[in-house]
Amino acid sequence: MASNRQVKLAARPFGLPQHSDWEISETSIPSPADGEVLIQVLYISIDPAMRGWMNDRKSYLPPVAIGEVMRAGTVGKVLTSRNPKFRAGDYVAGSQGVQKYALSDGRGLHKVDAKLVPLTTYLGALGIAGFTAYFGLLDICNPRENETLVVSGAAGSVGAIAGQIGKLKGCRVVGIAGGPEKCRYLSEELGFDETIDYKNENVRAGLKRTCPDGVDIFFDNVGGDILNEVLARINFKARISLCGAISQYNATEMPKGPSNYSSLITNRAKMEGFIVFDYASRYLEAIPHLTGWILQGKIKTREHIEQGIENFPEVFLKLFSGENQGKLILKVGTE
């Protein structure tokens, strides 16, 4: 008989998560009650935000409790439905966590079209990554033609889309990424105008080389020293969108704030943090734009798909080593 394999949080990590911070357990497949659906999870989204959800501190979402299934975005198939909004055979996206089967009462669950794009796209460009790039760039930064946009973590699922949207809006786009292969991907496949390989070039020198007239917009996924260096080169009325700070997520000491923050004052610039879930009521606004750009080939995506729920602890660490090429996804089911 098939069983439900789940990955649960076993301990709060100190620094980089260890295998002992997870528990992989087996349980029976649940049966839906009235109003519920049983979902076979097919793909799980692996995102940097998951590291923050493991900490026991106040944030935009409650922390994952010890012994609880790890929170994660998912795409799956409805096997059994006792909810009138869904039928068996529907493909659905939601947040069913790191497990092979899940029950849902339908809240936060929406149908997706497997014939329009591959299912994995709903975890990337037509999912949280795409919404994050769309609203984080367009709403906060209001890009204009001929402005210089710098994107850190530019080869990641969010950064790559943000940079491409910037190009669609007429910006000159500079991507910061780690390694020559990722930089080639940005310039040769995604059309970025310039790249900075932070692993092989001093970021300060790279910004001077690629942004001789300064930076108008910065879409930041990394934080830390890179944010500090960009602050030193921002222009008058620059806009900075703080999407993430992956360089700090496994820090064991309180990170230092940017020493160049006074540049915001002298340049009358704006730096704003955001959480994509704040825009949940507007996702339907973004979907037709993102879908059109994808189908027209104006936004290209790359996915890094690993297999096997038992490999989740190792796959999760690829986010922090930079091993993944594009959107990191774990395949845990087959139809």
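Refer to the preceding data block for the structure.
Residues numbered from 1 in each chain as written. Predicted model: local features only at pLDDT ≥ 70, side-chain atom pairs only at ≥ 80, totals over all residues. Heavy atoms only, no water.

Draft legend 1. Fine view of the state of the cysteines. Going through the model one piece at a time under the given rule, you end up with zero disulfides. Summary of cysteine pairing: C183 is not part of a disulfide, and the nearest cysteine sulfur, belonging to C211, is at 13 Å. In this structure C183 comes out as buried when scored by relative accessible area, which is 8%. Unpaired in this structure, C243 has its nearest cysteine sulfur neighbour in C141, at a distance of 10 Å. A relative accessible area of 21% means that C243 is categorised as partly exposed. (Disulfide = S-S within 2.5 Å. Buried < 20%, exposed > 50% of the residue type's maximum accessible area, 1.4 Å probe, protein only.)

Draft legend 2. Highlighting helix 3 (residues 157–168). With 12 residues, helix 3 should cover 16 Å at 1.5 Å per step; its first-to-last C-alpha distance of 17 Å lies within 8% of that length. Counting buried positions along helix 3 gives nine out of 12 residues, so the element sits mostly inside the fold. The secondary structure elements touched by the buried residues of helix 3 are helix 2 (128–141), strand 8 (148–152), strand 9 (172–177), strand 11 (215–220) and helix 8 (283–295). A positive backbone phi angle near 90° is found at G170, which sits one or two residues after helix 3. (Helix = DSSP H or I, 4+ residues; strand = E, 2+ residues; numbered from the N terminus. Expected span 1.5 Å × (residues − 1). Contact = heavy atoms within 4.5 Å.)

Draft legend 3. Fine view of the pairing of strand 12 (residues 234–242). Inspection of the sheet shows strand 11 paired to strand 12 by five bridges, in the parallel sense. Residue pairing for strand 12: I217 is matched across the bridge by R239. Between the parallel elements strand 11 and strand 12, the chain passes through helix 6 (residues 224–231) in a crossover that is right-handed. Direction of pairing for strand 12 relative to strand 13 (residues 270–273): parallel, over a ladder of four bridges. Each bridged residue has a counterpart across the sheet, and for I240 the counterpart in strand 13 is M271. (Pairing = 2+ DSSP bridges. Right-handed = clockwise from strand over helix to strand, strands pointing away.)

Draft legend 4. Geometry of the sheet that holds strand 9. Pairing is parallel in the open sheet, where six strands are placed in the order 10-9-8-11-12-13. The sheet is open, and its two borders are formed by strand 10 (194–197) and strand 13, each paired with just one other strand. Adjacent strand axes in the sheet meet at a mean angle of 15° when their direction is disregarded. Each of strand 8, strand 9 and strand 11 is contacted by helix 3, which is oriented at about 170° to strand 8, the strand it contacts most. (Axes fitted to C-alpha atoms, helices over the stretch in contact; angles between N-to-C directions.)

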